[in-house]
Amino acid sequence: MEEKELDAREIIAKIKEYVDVRKEIAILSAVDKGSQLFANLVTDGLVLLFGVLGVLFGSLAAGFYLSEVLGNTYAGFLIVTGFYFLLAILFYVVKDKYIEKHIINAAIKRFFRVKHES
């Protein structure tokens, strides 16, 4: 009888150890996923920031260049502004059919790529 109690105690101890190990694995997995998400957000944010800065300074340069070519300060910047308005209208027209689908598909592929790498 005492032998059976000892076996039951050992089984309970092993179950507790198993639960503790599973809990530790879950915590480490959550930390890993969180750190990957944070790293992706930081790097994507930096890429976006540098891209916006590049477009901003490129637009200023184009505005000044066109102003000099046309001999009119306002005309150069109005042309650049008109270009961006046309670009905005174009994006608005095609966003539902083309742009959003590609962004959704890229996000899904990235999610599953990260999921399979872990």
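Residues numbered from 1 in each chain as written. Predicted model: local features only at pLDDT ≥ 70, side-chain atom pairs only at ≥ 80, totals over all residues. Heavy atoms only, no water.

## Some points on the overall build of the protein
Along the protein, the regular secondary structure elements total two helices and zero strands. When burial is assessed residue by residue, the protein has 5% of its 118 residues classed as buried. Of the roughly 10400 Å² of accessible surface on the protein, a fraction of 72% belongs to carbon and sulfur atoms. (Helix = DSSP H or I, 4+ residues; strand = E, 2+ residues; numbered from the N terminus. Buried < 20%, exposed > 50% of the residue type's maximum accessible area, 1.4 Å probe, protein only. Areas by Shrake-Rupley, 256 points an atom, 1.4 Å probe, with all protein chains shown as cover.)

## Overview of the side chain of serine 59
Looking at the element boundaries, serine 59 is found in helix H1 (residues 2–70). One polar contact links serine 59 to tyrosine 84, side chain to side chain, over a distance of 2.2 Å. Leave out the neighbours within four places in its chain, and serine 59 touches Val80 and Tyr84. (Polar contact = N/O pair within 3.5 Å; in protein donor to acceptor, adjacent residues only side chain to side chain. Contact = heavy atoms within 4.5 Å.)

## Things to note about the pattern of salt bridges
What the rule picks out here adds up to two salt bridges. The shortest N-O distance in the salt bridge between lysine 95 and aspartate 96 comes to 3.1 Å. A relative accessible area of 28% places lysine 95 in the partly exposed class. Across the salt bridge formed by lysine 95 and glutamate 100, the nearest N and O atoms sit 3.6 Å from each other. By relative accessible area, glutamate 100 is classed as partly exposed at 37%. (Salt bridge = Lys/Arg side-chain N within 4 Å of Asp/Glu carboxyl O.)

## Examining the environment of threonine 73
Position of threonine 73 among the secondary structure elements: in helix H2 (residues 73–117). By relative accessible area, threonine 73 is classed as exposed at 53%. Separated by 10 residues in the primary sequence, threonine 73 and glycine 63 place their C-alpha atoms 8.2 Å from one another.

## Here we look at a nonpolar patch on the surface
A cluster of nonpolar side chains, contributed by Phe38, Val42, Leu46, Leu49, Phe50, Leu53, Leu56, Phe57, Leu60 and Phe64, occupies part of the molecular surface with about 980 Å² of accessible area. Mapped onto the elements of the fold, phenylalanine 57 is located in helix H1. (Patch = residues over 30% accessible without salt bridge, like charges linked within 9 Å, V, L, I, M, F, W, Y side chains within 5 Å.)

## Notes on the side chain of serine 67
You can see serine 67 is positioned in helix H1. Among the residues examined, serine 67 registers a relative accessible area of 8% and is labelled buried.

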